[in-house]
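# A structural walkthrough
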Amino acid sequence: MGIRLEAITKEYTVGDELVAALAGVSLAIETGEFVAIMGPSGSGKSTMMNILGCLDRPTSGSYLLDGQEVAHLTDDQLAYIRNRSIGFVFQNFNLLSRTTAWENVALPLVYAKIGEKERLEQAAALLESVGLGTRKQHLPNELSGGQRQRVAIARALINNPSIIMADEPTGNLDSRSSIEIMKLFGTLHRQGKTIILVTHEPDIAAYAKRIITVRDGLIISDEVKESNYV
Ligand code: ADP
Ligand code: ADP
């Protein structure tokens, strides 16, 4: 189970030129791994995250997610899988600014048609678990960057996804908050979540247990190592 990419390509037509953002990527990520994807700008990291996250389809190749072929699904089918299996964390947090931390975390459950009492209970428990139990009623702009990212992580967890995908999650944070967030990913990893993050910072990638480096649409290195996290 887990993730299996086999000979994945993604091509874009720019003018009359064909650009291969991914040029034949094969990759297996087991359930519960903690993986960082690194590489220079333009190397194909975002394209790979979009495909892994079921936000986009490859041009060719196979993507088995927990044993199911997802490379050729429709947008609706991809959205269904995404909402059940994957939680997303972004560089800029993507919180609703006029909405409390509590409601931001609970919001995905509105789409899942869960009643309000249950939504707020689950969201409160998750905010508690990321250390923000006393900040439920705060608006995003009343929280620090690190606290906002913890709210975003709680929101990513609310549908109990098996995979958390984070695109430069520490890109807008100072180094102390960055370490805090990476430790939180470490905790989620120990709880059995699959963590996949994109970063261009080696110090941040060092918290992962496996570092995949992408260049020109290909994986050029894939190393398992002792991680930094405690
Ligand atoms: P990274 O995230 O590592 O910066 P990307 O995955 O964004 O890399 O881009 C990989 C390559 O694919 C780049 O050459 C980029 O210009 C090209 N690319 C990405 N998205 C598109 C698109 N929507 N249309 C055309 N070219 C794209
Ligand atoms: P998707 O393509 O899956 O809708 P989005 O970028 O819209 O992805 O959403 C990313 C994250 O934001 C997800 O964790 C999702 O639960 C959450 N989200 C989606 N829609 C909203 C919204 N209207 N307000 C707040 N959060 C949202």
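Up top is the structure.
Summarised in this report is the structure supplied together with it. (Residues numbered from 1 in each chain as written. Chains lettered and ligands numbered in written order. Predicted model: local features only at pLDDT ≥ 70, side-chain atom pairs only at ≥ 80, totals over all residues. Heavy atoms only, no water.)

### Side note on the site of ligand 2
All residues adjacent to ligand 2 are Leu55, Arg82, Phe90, Leu96, Leu107, Pro108, Tyr111 and Arg155. Here Tyr111 contributes a side-chain N or O atom positioned 3.1 Å from a nitrogen atom of ligand 2. Its free accessible area being 530 Å², ligand 2 has 61% of it covered by the protein chains. Each residue belonging to the shell around ligand 2 can be placed in one class, and the counts come to six nonpolar, no polar and two charged. (Near = heavy atom within 4 Å. Polar contact = N/O pair within 3.5 Å; in protein donor to acceptor, adjacent residues only side chain to side chain. Areas by Shrake-Rupley, 256 points an atom, 1.4 Å probe, with all protein chains shown as cover. Nonpolar A, V, L, I, M, F, W, Y, C, P; charged D, E, K, R; others polar.)

### A word on the site of ligand 1
Residues in close proximity to ligand 1 include Tyr12, Val14, Val19, Ala21, Pro40, Ser41, Gly42, Ser43, Gly44, Lys45, Ser46 and Thr47, which together make up its full environment. At 3.0 Å, a backbone N or O of Gly44 approaches an oxygen atom of ligand 1. Thr47 places a polar side-chain atom, nitrogen or oxygen, 2.5 Å from an oxygen atom of ligand 1. Against a free-state accessible area of 560 Å², the protein chains account for coverage of 61% of ligand 1. Of all the secondary structure elements, the ones that give two or more residues to the shell around ligand 1 are strand E1 (3-14), strand E2 (17-29) and helix H1 (45-52). Element by element, the count of residues in the shell around ligand 1 is highest for H1, at three residues. Split by residue class, the shell around ligand 1 holds five nonpolar, six polar and one charged. (Helix = DSSP H or I, 4+ residues; strand = E, 2+ residues; numbered from the N terminus.)

### Considering the pairing of E1
Bridge count between E1 and E2: 10 bridges; the pairing is antiparallel. Looking at the pairing, Ile8 lines up with Val25 of E2. In this antiparallel pair of consecutive strands, E1 and E2, the connection spans two residues, and Gly15 shows a positive phi of 65 degrees. (Pairing = 2+ DSSP bridges.)

### Side note on the sheet that holds strand E6 (residues 86-89)
Neighbouring strands of a sheet are bound in pairs by backbone hydrogen bonds; such pairs are parallel or else antiparallel. Strand order in the open sheet formed by six strands is E6-E7-E8-E3-E9-E10, and the pairing between neighbours is mixed. Each end of this open sheet is capped by a strand with a single partner; those strands are E6 and strand E10 (218-224). Between one strand axis and the next, the sheet turns by 15 degrees as a mean value, whatever way the strands run. Pairing analysis gives four bridges linking E6 to strand E7 (residues 163-167), with the strands arranged parallel. Counterpart to Val89 in the pairing with E7 is Ala166. Its contacts with the sheet place helix H5 (residues 145-157) against E6 and E7, and it is angled at close to 165 degrees to E6. (Axes fitted to C-alpha atoms, helices over the stretch in contact; angles between N-to-C directions. Contact = heavy atoms within 4.5 Å.)

### Overview of the side chain of Arg82
As for its position among the elements, Arg82 is in helix H2 (residues 75-85). One buried charged residue, Arg82, remains without a salt bridge, the closest side chain of opposite sign being Asp75 at 6.9 Å. At a separation of 2.8 Å, a polar atom in the side chain of Arg82 contacts the main-chain carbonyl oxygen of Cys54. Those residues in contact with Arg82 that sit more than four places away from it in its chain are Gly53, Cys54, Leu55 and Phe88. (Buried < 20%, exposed > 50% of the residue type's maximum accessible area, 1.4 Å probe, protein only. Lys, Arg positive; Asp, Glu negative; His and termini not counted. Salt bridge = Lys/Arg side-chain N within 4 Å of Asp/Glu carboxyl O.)

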